[in-house]
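# Survey of secondary and tertiary structure
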Amino acid sequence: MDVKKLNAKKFRDMVILGRNRLDEHTEYVNSLNVFPVPDGDTGTNMNLSFTSGSAAVKDSSSDHMGEVAQSLAKGLLMGARGNSGVILSQLFRGFSKALEGKEEVTAKDLAEAFQAGVDTAYNAVMKPVEGTILTVARQSAKAGLNKAEETDNVVAIMETVLDASKKSLKKTPDLLPILKEVGVVDSGGQGLVYIYEGFLSSLTGEEPAEEEHELEELVRAEHHRSGVHEHVNTEDITYGYCTEIMVRIGEGETVEEEFDYEAFRNYLDKLGDSLLVVADEEVIKVHVHTERPGEVMNYGQKFGSLMKIKVDNMREQHSELSHSEEKKVSKKDFAVVAIAPGEGLKELFESLGVDCVLQGGQTMNPSTEDIVKAMESVPAKNYIVLPNNKNIFMAAEQAVEVIEDNAAVVETRTIQQGLTAMLGYNPALDLDSNKSSMTDELELVKSGQVTFAVRDTEINGLEIKKDNYMGIIDGEIKVTESDLYTVTLETVKRMLDEESEIVTLLIGEDGSEEEAQRIADYIEENHSDLEVEIHTGDQPVYPYLISVE
């Protein structure tokens, strides 16, 4: 099949089918997780992230390729979960920037967009690791660029990119030793291949995507950012009607003039504020706050038929919203947001001064938008985010970039580090000092996790059987047995050294107070100088979390 230009409709279909392809294979991608723990969520994170991007593309009614690509990037950014989801969002952020202003895309444009995505993703990652999704994206983009030198066929570019991505994926174990040891390919790279398979399938027509005709609500994000009700009194609103129209250019009996963007915009600019005009050859979309919505509609009819009309009385809306805002207090100096699973852990973090605990963790990484909303739920001048999981670092960093207030991420890799970091928190200090102080605390704690294996494997010479328990110390599997008590106790023993003072056991959903007490009794009997604390964490996946300080 020979396709010279890629338009918005075809790209929308590509995205939808790419999402469907990834969705069908989410569990397989999860199964490629290197560690055999029940938190292999790369597939889930990528799927939820790309689903957010796909939904934004479906909601976009634009016929402009560059605008649809922007919708994909924005949806991915706000829906990004876990490192794999964030990297995926960065790939398509660069991709979309390369297509800005392009109504249709040539084969060369497409190849260059893939490369721009790679450049953006590599720049976003502090220490890029080869043998991952980054490698697959980079090598496939390079192949696409080379192919663009000899063909102007969009399908040929996509075929080349997909073929190169599959070849690159097969070689990931040669670049990342842990993949070879476990006998899997990179899970993020596999997810990207599935997306590319969906792209190509849509282009060739082998699996036609469903038609999507939903129109976006114009400037939904603009209203969210403006937050006018927070800053003015109802009586101070100058232009009270939020007015939106959509005009089919040149259609209908009311047409009097030919459409000129600058003249059209300049006229409406005199009627109000918050004006947005988006137009292509067929449709004009207008958003304006005005006192004369009727005049806006009448003016629009001079250029075509009205496809959509929407008028909201903002004074009434503001009055209603103001009542809900009355209970809001002035911004506090600091707010700390922590990500943690389980009601018990939530209570522990709150007892240490955390303002908002966002439910999430290994099996469900929160998205960038989830973290932003958690921060916005506590009005503050400064924010500190404790991700408590290395797979949430990038989403947390993106949330810090999105939020308008000062914010910082303290890179806590575990729940235990998050709890310890709060010992260094002092709201009387400035943001940088708090981040530094809390980060310093992380060196004082060892983190242990006890969970079960989801498959047979061998790592670092340790043979692991499916359903056996494993003791993980600071990210490395050190112990494996069939008995939970034995594994937990042995994990604690291996965490102790001459400087150890306090051992803390956090009981998960599958742990028990009786078993935790047995472990505590053993430690106290054999180490009289140690203090043992037991708390209910209610966390899933891990029967016990252990910290040694």
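Residues numbered from 1 in each chain as written. Predicted model: local features only at pLDDT ≥ 70, side-chain atom pairs only at ≥ 80, totals over all residues. Heavy atoms only, no water.

### A look at the overall build of the protein
What the protein contains, in helices and strands, is 21 helices and 16 strands. When the accessible surface of the protein is summed, it comes to about 25100 Å², and 45% of that surface belongs to carbon and sulfur atoms. (Helix = DSSP H or I, 4+ residues; strand = E, 2+ residues; numbered from the N terminus. Areas by Shrake-Rupley, 256 points an atom, 1.4 Å probe, with all protein chains shown as cover.)

### A look at the sheet that holds strand 8 (residues 406-409)
Here four strands make up an open sheet; going across it, the order is 6-5-7-8 and the pairing parallel. Of all the strands in the sheet, just strand 6 (356-359) and strand 8 have a single pairing partner and so form its edges. Strand-to-strand, the axes of this sheet are offset by a mean angle of 20°, without reference to chain direction. Two elements, strand 5 (residues 332-340) and strand 7 (residues 380-386), share six bridges in a ladder whose sense is parallel. Bridging across to strand 7, F334 finds its partner in N382. Contacting strand 5, strand 6 and strand 7, helix 15 (residues 343-351) crosses the sheet at an angle of about 160° to strand 6. (Pairing = 2+ DSSP bridges. Axes fitted to C-alpha atoms, helices over the stretch in contact; angles between N-to-C directions. Contact = heavy atoms within 4.5 Å.)

### Some remarks on the sheet that holds strand 13 (residues 476-481)
The strand order across the open sheet built from six strands is 13-12-9-16-14-15, with neighbouring strands paired in mixed fashion. Looking at the sheet topology across the chains shown, the edges are occupied by strand 13 and strand 15 (531-536). Between one strand axis and the next, the sheet turns through 20° on average, direction left out of account. With five bridges joining them, strand 12 (residues 469-473) and strand 13 adopt antiparallel strand pairing. Each bridged residue has a counterpart across the sheet, and for I472 the counterpart in strand 13 is I477.

### A short note on the packing of aromatic side chains
In the structure shown here, the tally under the stated rule is 15 aromatic pairs. Pairing F95 with F114 gives two aromatic rings, centres 5.3 Å apart and planes at 55°, and the pair type is tilted. Of this pair, F95 sits in helix 5 (residues 82-98) while F114 sits in helix 6 (residues 107-124), and the two are 19 residues apart along the sequence. Judged by its relative accessible area of 1%, F95 is buried. Note on F114: relative accessible area 6%, which makes it buried. Taken together, F11, F50, F92, F95, F114, Y196 and F199 form an aromatic cluster joined through their ring pairs. Here R518 stacks its cationic end above the ring of Y485, 3.8 Å away from the centre of that ring. (Phe/Tyr/Trp six-rings, centres within 6.5 Å; stacked < 30°, edge-to-face > 60°. Buried < 20%, exposed > 50% of the residue type's maximum accessible area, 1.4 Å probe, protein only. Lys NZ or Arg CZ within 6 Å of the ring centre and 35° of its normal.)

### Describing the nonpolar core
Counting residues in hydrophobic clusters, the biggest one holds 89 residues, and the most contacted among them are F11 and F50. Setting aside chain neighbours within four positions, we find F50 in contact with V15, G18, R19, L22, L72, L76, L88, F92, I195 and F199. One finds A338, L386, A408 and L506 within the second-largest nonpolar core, a separate group that totals 25 residues. (Core = buried A, V, L, I, M, F, W, Y, C linked by side-chain atoms within 4.5 Å.)

### With respect to a negative patch on the surface
Taken together, the side chains of E343, E347, E509, D510 and D538 present a region of like negative charge at the surface. Residue position: E509 is located in the loop between strand 14 (502-507) and helix 21 (513-526). A relative accessible area of 55% means that E509 is categorised as exposed. (Patch = residues over 30% accessible without salt bridge, like charges linked within 9 Å, V, L, I, M, F, W, Y side chains within 5 Å. Salt bridge = Lys/Arg side-chain N within 4 Å of Asp/Glu carboxyl O. Lys, Arg positive; Asp, Glu negative; His and termini not counted. Charge placed at Lys NZ, Arg CZ, Asp CG, Glu CD.)

### Regarding the pattern of salt bridges
Applying the stated criterion across every chain, the model contains 27 salt bridges. In this structure, K4 and D152 form a salt bridge, with 2.6 Å as the shortest nitrogen-oxygen distance. With K4 in the segment before helix 1 (8-24) and D152 in the loop between helix 7 (133-148) and helix 8 (154-175), the pair connects residues that are 148 residues apart, well separated along the chain. The class for K4 is partly exposed, based on a relative accessible area of 40%. Its salt-bridge partner being R248, residue E282 comes within 3.7 Å of it at the nearest N-O pair.

### Points about the packing of helix 8 against helix 10 (residues 187-204)
Relative orientation of the contacting elements helix 8 and helix 10 amounts to 155°, with a least axis distance of 9 Å. The pairing of helix 8 with helix 10 is recorded here as roughly antiparallel in orientation. In this structure, helix 8 crosses over helix 10, and the sense of that crossing is left-handed. Contact with helix 8, carried on its side by V154, V155, M158, E159, V161, L162, S165, K166 and L169, involves G189, Q190, V193, Y196, E197, F199, L200, L203 and T204 of helix 10 and no other residues of that element. (Parallel < 35°, antiparallel > 145°, perpendicular 65-115°, else oblique. Left-handed = near helix turned anticlockwise from the far one by under 90°.)

### Some thoughts on the environment of V503
Looking at where V503 falls in the secondary structure, it is placed in strand 14. Put simply, V503 and V548 are 45 residues apart on the chain and 4.6 Å apart in space, counted from C-alpha to C-alpha. Contacts of V503, omitting those with residues within four sequence positions, involve V492, L496, I523, L530, E531, V532, E533, I546, S547 and V548.

### As for the packing of helix 16 (residues 368-376) against helix 17 (residues 393-402)
Running from N to C, helix 16 and helix 17 cross one another at 55°; their axes reach a closest spacing of 8 Å. By the angle class used here, helix 16 and helix 17 are oblique. Viewed along their axes, helix 16 and helix 17 form a crossing whose handedness is right-handed. Facing T368, I371, V372 and M375 of helix 16, the residues of helix 17 in contact are A395, A396, Q398, A399 and V402. Residues belonging to the contact of helix 16 with helix 17 are distributed by class as follows: seven nonpolar, two polar and no charged. (Nonpolar A, V, L, I, M, F, W, Y, C, P; charged D, E, K, R; others polar.)

### Description of the pairing of strand 8
In the sheet, strand 7 pairs with strand 8 via four bridges, with the strands oriented parallel. What sits directly across from Y383, in strand 8, is A407. The handedness of the strand 7 to strand 8 crossover, carried by helix 17, is right-handed. (Right-handed = clockwise from strand over helix to strand, strands pointing away.)

### Here we look at unusual backbone geometry
Even without being a glycine, N388 presents a positive backbone phi close to 60°. Phi at D538 is positive, roughly 65°, even though this residue is not glycine. Positionally, D538 belongs in the loop between strand 15 and strand 16 (544-548).

### Remarks on the confidence of the model for the protein
Residues with a pLDDT of 70 or more make up 89% of the protein, whose mean pLDDT is 87. Per-residue pLDDT stays below 50 along residues 208-232; that stretch engages in 45 contacts with residues further than four places along the chain or on separate chains. (pLDDT = per-residue confidence, 0-100.)

### Overview of helix 3 (residues 42-59)
A rise of 1.5 Å per residue sets the reference length of helix 3, with its 18 residues, at 26 Å; its end C-alpha atoms lie 26 Å apart and thus fit the reference within 8%. Restricting attention to buried positions, one finds in helix 3 the residues T42, G43, T44, N45, M46, N47, S49, F50, G53, S54 and V57. Contacts made by the buried residues of helix 3 are with helix 1, helix 2 (26-31), helix 4 (65-79), helix 5, helix 7 and helix 10. (Expected span 1.5 Å × (residues − 1).)

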